[in-house]
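Report on the structure
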Amino acid sequence: MRRNKKNPWLMNIIWLAGLIVVIFGHDYLDKNVLWRLTTPDDRVLYAWLQFALPFLTGLYLSLVFVWSNFKMKDASLFFIVALPTLIIAVLHPVMTTFSLPLPEQLYWFVDALNKGQYLPLVAGITLIPSRS
């Protein structure tokens, strides 16, 4: 996909939406597909999927750097990717530690997005390049 040089904000919004799809897709595969493949007959397919899922997720995570051309101090990368993922990643332990009067849907959303521990990873990867 060609990078839209006029609007890096849009590219980062699209990437963040894709990250949410990746997280929910990985969770779906874990719950509905991978547990069925733990039988001895399916161990080869299971081993390959155990390799492929994190590898493909890593490739997707690297797209944010390709689209930003490794440009430091990218405000769109900070405000669209780093800051929201950091807030949602930190909100999970805060909601677990303290009883916050928040809607049940927000609890579910934050818990679902933090299942694979991708949000702290993304926040850590993007925070320094977006601000240095």
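Calculation rules
Residues numbered from 1 in each chain as written. Predicted model: local features only at pLDDT ≥ 70, side-chain atom pairs only at ≥ 80, totals over all residues. Heavy atoms only, no water. Axes fitted to C-alpha atoms, helices over the stretch in contact; angles between N-to-C directions. Helix = DSSP H or I, 4+ residues; strand = E, 2+ residues; numbered from the N terminus. Parallel < 35°, antiparallel > 145°, perpendicular 65-115°, else oblique. Left-handed = near helix turned anticlockwise from the far one by under 90°. Contact = heavy atoms within 4.5 Å. Phe/Tyr/Trp six-rings, centres within 6.5 Å; stacked < 30°, edge-to-face > 60°. Buried < 20%, exposed > 50% of the residue type's maximum accessible area, 1.4 Å probe, protein only. Expected span 1.5 Å × (residues − 1). Arc of directions from axis to C-beta. Salt bridge = Lys/Arg side-chain N within 4 Å of Asp/Glu carboxyl O.

**So, the packing of helix α1 (residues 8–32) against helix α3 (residues 75–97)**
Contact geometry for α1 and α3: axes closest at 8 Å, N-to-C directions at 25 degrees. Overall, the two elements α1 and α3 adopt an arrangement that is roughly parallel. Read as a crossing pair, α1 and α3 show a hand that is right-handed. In contact with Pro8, Trp9, Asn12, Ile13, Trp15, Leu16 and Leu19 of α1, α3 contributes Ala75, Ser76, Leu77, Phe79, Ile80, Val81, Pro84 and Thr85.

**A look at the packing of aromatic side chains**
Counted according to the given criterion, the structure contains four aromatic pairs. Their ring planes at 10 degrees and their centres at 6.3 Å tell us that Trp9 and Phe79 sit as a pair that is stacked. One end of the pair, Trp9, is in helix α1; the other, Phe79, is in helix α3, and 70 residues separate them in sequence. According to the relative accessible area criterion, Trp9 is partly exposed, its value standing at 37%. When the centroid spacing of 5.6 Å and the interplanar angle of 5 degrees are considered together, the rings of Trp15 and Tyr60 count as stacked. Of this pair, Trp15 sits in helix α1 while Tyr60 sits in helix α2 (residues 43–67), and the two are 45 residues apart along the sequence. Like Tyr60, Trp15 is buried.

**With respect to helix α5 (residues 118–131)**
For α5, built from 14 residues, the straight-helix expectation of 20 Å at 1.5 Å per residue is met to within 8% by its first-to-last C-alpha distance of 20 Å. Here α5 has its buried residues at Tyr118, Leu119, Val122, Ala123, Thr126, Pro129 and Ser130. Looking straight down α5, one finds that the buried residues subtend no more than 155 degrees of arc, so they occupy a single side.

**A short note on the pattern of salt bridges**
Tallying each qualifying case throughout the model produces one salt bridge. The residue Asp27 makes a salt bridge to Lys31 at a minimum N-O spacing of 3.4 Å. Of this pair, Asp27 and Lys31 are both found in helix α1, four residues apart, which corresponds to roughly one turn of the helix. Here Asp27 falls in the buried class, since its relative accessible area comes to 16%.

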